[in-house]
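The chain contents come next:
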Amino acid sequence: MPENNNIKKTKRAEQSNLTSLFSFSMQDEFYIKRAIELAQKAIGKTYPNPLVGSVIVHNGTIIGEGYHQKAGEPHAEINAINSVEDPSLIPDSTIYVTLEPCAHYGKTPPCALKIKELGFKKVVVGAMDSHDKVNGKGKKIIQNAGIEVVSGVLEKECIDLNKRFFTYHEKKRPYIILKWAQSGDGFLDKDFKPTAVSNSLVNQFVHQLRADEHAILVGTQTALNDDPSLTVRNVEGVNPVRILIDFDLKVPQNFKIYNEEARTIVINSVKEEITDHVHFIKTEKDNFLQNLMEALYKEQIQSVIIEGGKFTLQQFIDANLWDEAIVITNEHLLLENGTQAPVFDRSNPFKTEIIRDNRVDFFLSENI
């Protein structure tokens, strides 16, 4: 983990510890929990912005709620403020927000200034924002206005809510999710041909995963063998950005990955070019993973599903470059021959779900 990442995490902890001198109550936790629930409604829709929810409480009654719905649109605090029917109650109210209010002008004005202007009695924050443009500045604006600020309420849950956002800004790379489906005897396909391994309910889960994450990545061979569209079909949601690793540009441009249903980034060693919804990014094969992370950071990709194939997945596993892994196993399906599943020396999932005849194991990297 880079040194500046440790510094930022330490600074965030120090900022939370300073305000934890003010005790926060179970009531505070209750309202932050509600704010988290609101924020989760926008999963997959706010990139590159974080997920944020906000609740306004007056004398133990919720008088306003809101969440950030889409990048470029009003932030959670503003939506919550605008939902209050009687604004005269605001100076005697507490505003709860899952992430430190912003302090900079972007597509919208700073929320910290709006909170200061309206003169809230108290502000309760879940997690501090490690983004360079905020990083304690929002909290300072509010405190300097004489408003009490308490932070660190359900901090772990609020950080987890924005694991993609924090990973992107602190590690300078996307949050990486490895995902594959394998047979009971450890194969990805039958006789090296596309094979249905997971059941229809798991497929629906996979499409929800695509809708939740910012991008999805495959290598040349998977694109050639499967001709995948990598879009969201079995659930409602936004199509992820498609990332194709194709150094020699072997995948024909009439394949589905190039269609207009979603933006496509092609990592290659031939050309640098932008045409409509397709962006060709030229890079070297040497230090490929490092070059890829730098390219995706520059493109503001906050999370990516590594969909395959085996060679691409194995590169990430061997480099220990991942945050979560989702392994789907059809234990009763025996394929006997084909592409072997990646070598993944982990036997301690933090969660397992049985979905009909499929087992879905969820793993967390020790790097988190």
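Everything below is about the structure shown above.
This section reports on the structure supplied with the text.

Cut-off values and rules
Residues numbered from 1 in each chain as written. Predicted model: local features only at pLDDT ≥ 70, side-chain atom pairs only at ≥ 80, totals over all residues. Heavy atoms only, no water. Buried < 20%, exposed > 50% of the residue type's maximum accessible area, 1.4 Å probe, protein only. Helix = DSSP H or I, 4+ residues; strand = E, 2+ residues; numbered from the N terminus. Pairing = 2+ DSSP bridges. Phe/Tyr/Trp six-rings, centres within 6.5 Å; stacked < 30°, edge-to-face > 60°. Axes fitted to C-alpha atoms, helices over the stretch in contact; angles between N-to-C directions.

## Considerations on the pairing of strand 13 (residues 324-330)
Part 1 of the argument: For strand 13, a buried count of 7 out of 7 residues is recorded, marking the element as mostly surrounded by other parts of the structure.
Part 2 of the argument: For strand 13 and strand 15 (residues 358-364), the ladder comprises 7 bridges, and the chain directions are antiparallel. Bridging across to strand 15, I328 finds its partner in V360.

## Looking at the packing of aromatic side chains
Part 1 of the argument: For the structure on display, the rule yields 11 aromatic pairs.
Part 2 of the argument: Taking the centre distance of 5.3 Å and the plane angle of 75° together, the rings of F30 and Y31 count as edge-to-face.
Part 3 of the argument: Accessibility expressed as a relative area gives 53% for F30, which makes it exposed.
Part 4 of the argument: Ring geometry for F344 and F363: centres 5.1 Å apart, planes at 85°, overall edge-to-face. Linking F344 in the loop between strand 13 and strand 14 (351-355) with F363 in strand 15, this pair joins segments that are 19 residues apart in sequence.
Part 5 of the argument: By relative accessible area, which is 4% here, F363 ends up buried.

## Observations concerning the sheet that holds strand 1 (residues 53-58)
Part 1 of the argument: Across the sheet, 5 strands lie side by side as 2-1-3-4-5; this open sheet has mixed pairing. Two strands lie at the open edges of the sheet, namely strand 2 (61-67) and strand 5 (148-151), each paired on one side alone. Strand-to-strand twist in this sheet, taken as the mean axis angle between neighbours without regard to direction, amounts to 15°.
Part 2 of the argument: In this sheet, strand 3 (residues 94-99) lies alongside strand 1 in antiparallel orientation, the contact comprising 4 bridges. Paired with S54 across the strands is V97, a residue of strand 3.

Without other data, these values stay purely geometric and don't point to any function.
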